[in-house]
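Results of the structural survey
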Amino acid sequence: MTIQRIESIKEFGGLLNRYTHGSTVLDCEMTFSVYLPPQAEKGNVPALYWLSGLTCTDDNARTKGGMQRYASEQGIAIVFPDTSPRGDDVADEPERYDLGKGAGFYVNATQAPWAKHYQMYDYIVEELPKLLEANLPLMPDVKSVSGHSMGGHGALICALKNPDAYQSVSAFSPICNPINCDWGKGCFGAYLGDDVEVWKTYDATELVLAGATVNDILIEQGLADEFYNEKQLLPENFQSACNETGQTLTLNRQEGYDHSYHFIATFIGEHIAYHAKALHV
């Protein structure tokens, strides 16, 4: 349960640190980043876990998202995990960006050759929080979760499957109903096999329909998002499920915004304020 710091950059009075560790769950070495606000010098702070999307590493959001300024003001740590296991012996599909390295989809794979390493759900929900709370000035069990695209899917399912583990959840352009889009079908079939009932346990829309609930959900969706228009994200399916079951949801549709970090940086301040309120800081 040890970590090694490999980089430290001062930002907004706090520190953006990068670490490596040997993951037991993923059976490989992993890299992640954590922004520690200046308040962490005086005591433990709550954490917001940011789950990134397809093709990303921990580096994308920490350099493009504009989160650290708001995290510093609110006294919140931001955790930036990687999106998949890494290493020369980790299974991959190099010709595809939507399967393999960079595309872990935050599930626990059951099928060969993926099952040996691709246990991203357990890594995000169990191993990484325990590791960080044991090694960094983070409040035990006081955390929220957010993410983008594939990571928005990850944030939604982690919160819905563990409603007592997170104080709040939000997402930008999440893949809301993966069993009904090409990205989800391709990855779920590879990682989880042919049983669609198993797929449903990692699908936010299906989880809500099955009775999963959290206090509130905030989603930001750009209407000029190419993947929204290509029916990969399907937020309307999720909204219908929430309406049917009474799950509280705020779905903000933003005219003219795309799928990029320009969109995220525009609205991330509102999301961090939303999480700060839930984290009681």
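Reference entry: report on the structure contained in this document. Just so it is clear, the model here is predicted, and its values are computed rather than measured. (Residues numbered from 1 in each chain as written. Predicted model: local features only at pLDDT ≥ 70, side-chain atom pairs only at ≥ 80, totals over all residues. Heavy atoms only, no water.)

Our next topic: the sheet that holds strand S7 (residues 170-172). Taking strand neighbours across the sheet as the criterion, the three strands line up as S7-S8-S9 in an open arrangement whose pairing is parallel. A single partner strand is all that each edge strand has here, and the edge strands are S7 and strand S9 (249-254). Averaged over neighbouring strand pairs, the angle between their axes works out to 10 degrees when direction is ignored. When S7 meets strand S8 (residues 217-222), the two strands line up parallel, connected through three bridges. Across the sheet, the residue bridging to phenylalanine 172 is glutamate 220, located in S8. Across the sheet, helix H9 (residues 235-245) is in contact with S8 and S9; its angle to S9 comes to roughly 155 degrees. (Pairing = 2+ DSSP bridges. Helix = DSSP H or I, 4+ residues; strand = E, 2+ residues; numbered from the N terminus. Axes fitted to C-alpha atoms, helices over the stretch in contact; angles between N-to-C directions. Contact = heavy atoms within 4.5 Å.)

Under the definition given, this model contains eight salt bridges. Lysine 200 serves as the salt-bridge partner of glutamate 197, at 3.1 Å between the closest nitrogen and oxygen. Residue glutamate 197 and its partner lysine 200 are located together in helix H6 (residues 196-200), separated by three residues, close to a single helical turn. The salt bridge involving glutamate 236 is made with arginine 253; its shortest N-O contact spans 3.6 Å. In this pair, glutamate 236 is assigned in helix H9 and arginine 253 in strand S9, connecting sequence segments 17 residues apart. Each of Glu7, Asp59 and Arg62 takes part in salt bridges that share partners, so that together they form one network. (Salt bridge = Lys/Arg side-chain N within 4 Å of Asp/Glu carboxyl O.)

Turning our attention to the sheet that holds strand S2 (residues 14-23). With respect to topology, six strands assemble into an open sheet ordered S1-S2-S3-S5-S4-S6, the strand pairing being mixed. With partners counted over all chains shown, the strands left at the sheet margins are strand S1 (4-11) and strand S6 (138-147), one partner each. With strand direction ignored, the average angle separating the axes of adjacent strands in the sheet is 25 degrees. Lying over the sheet, helix H3 (residues 120-135) contacts S2, strand S3 (28-36), strand S4 (45-51), strand S5 (77-80) and S6, oriented at roughly 140 degrees with respect to S6. Sitting on the sheet, helix H4 (residues 150-161) is in contact with S4 and S6, with an inclination near 130 degrees to S6.

Next up on the list: the pairing of S3. Burial within S3 is extensive, with seven of its nine residues counted as buried. In the sheet, S3 pairs with S5 via three bridges, with the strands oriented antiparallel. By the bridge assignment for S5, valine 34 is matched with valine 79. (Buried < 20%, exposed > 50% of the residue type's maximum accessible area, 1.4 Å probe, protein only.)

Phenylalanine 267 marks the point of greatest bend in helix H10 (residues 261-279), at about 50 degrees. When H10 is considered as a whole, its buried residues turn out to be Tyr261, Phe263, Ile264, Phe267, Ile268, Gly269, His271, Ile272, His275, Ala276 and Leu279. Taken from the residues just after H10, histidine 280 is the one with a positive phi, measuring 60 degrees. (Bend = angle between axes of the 7 residues up to and from the residue.)

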